Amino acid sequence: MKYGTKAHAKKVCEILDALFPDAGCELRFYSPLELLIATILSAQCTDARVNIVTQDLFQKYKTAQDYATAPLEALENDIHSTGFYHNKAKNIRACCQILVEKYHGEVPKEMDALVALPGVGRKTANCVRGSAFGLADGVVVDTHVSRISQKMGLTQETTPEKIERDLMKIVPQEKWIQISHQMILLGRSVCPARSPKCADCPVTVCQARNAQR
């Protein structure tokens, strides 16, 4: 079976489905706004840390208006432990100001509208559209997905944008949302960047790919 083909991607999806049938977003949220905020905070930060921070944050700030009118220093203090808190607080407040002014405080579903918000790139937009609205316009490509999709032979590209395009060509659209969550779980449990457990990896496709290198 050739790598980088639809047949190969189908086999990878079958293996990942068997390993992680219930994989989903590990950020805790109860609304599109909460997921948007959590995803912005997750940049250069673990989901576990974000979930700790948002437990109190979401009790304090319940609407886009709350974030939009929050004193910047207070918001920085509230998200300090997620790192890069100056930029994150600035982006969150500016983002929510736009939500209030243009979208009545609601998070828009449209990709173009989402990526136009401060602090929101395509990865964040894909995450919000997929996990909050169930809409698949693309694949979330983070560091885990980048690395593991290369190991599995699904792409030879190295930039998130090009990796996403390759995945969209060969992975069925109905799998676009879940496959990123499955790869992230695989990356955390079996294939961490610094010490991948290739010998123990249940993804035989990945093992075969490594053997050919």
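Our subject is the structure that appears above.
Computed from a predicted structure; not experimentally measured.

> Residue-level account of the packing of aromatic side chains, with values.
For any two aromatic rings, the description comes down to two numbers: the centre-to-centre distance and the angle of the planes. For the structure shown, the criterion picks out one aromatic pair. A centroid spacing of 4.9 Å and a plane angle of 20 degrees characterise the contact between Tyr-61 and Tyr-67, whose relative ring orientation is stacked. Taken as a pair, Tyr-61 and Tyr-67 share a single burial class, namely buried.

> Run through the pattern of salt bridges, naming residues and quoting values.
One pass over the full model with this rule turns up seven salt bridges. Between Asp-47 and Arg-188 there is a salt bridge, with the nearest N and O atoms lying 3.0 Å from each other. Here Arg-188 lies in helix 11 (residues 176–189) and Asp-47 lies in helix 3 (residues 47–60), a separation of 141 residues in the sequence. By relative accessible area, Asp-47 is classed as buried at 16%. Arg-122 is the salt-bridge partner of Glu-164, the closest N and O atoms lying 2.8 Å from each other. Remark: Arg-122 occurs in helix 8 (residues 122–133) and Glu-164 occurs in helix 10 (residues 160–170); sequence separation between them is 42 residues. Under the relative-accessibility criterion, Glu-164 is labelled buried at 6%. Residue class for Arg-122 comes out partly exposed when judged on its relative accessible area of 35%. When salt bridges with common partners are traced through the structure, they connect Glu-26, Asp-47 and Arg-188 into a single cluster.

What counts as what
- Residues numbered from 1 in each chain as written.
- Predicted model: local features only at pLDDT ≥ 70, side-chain atom pairs only at ≥ 80, totals over all residues.
- Heavy atoms only, no water.
- Phe/Tyr/Trp six-rings, centres within 6.5 Å; stacked < 30°, edge-to-face > 60°.
- Buried < 20%, exposed > 50% of the residue type's maximum accessible area, 1.4 Å probe, protein only.
- Salt bridge = Lys/Arg side-chain N within 4 Å of Asp/Glu carboxyl O.
- Helix = DSSP H or I, 4+ residues; strand = E, 2+ residues; numbered from the N terminus.

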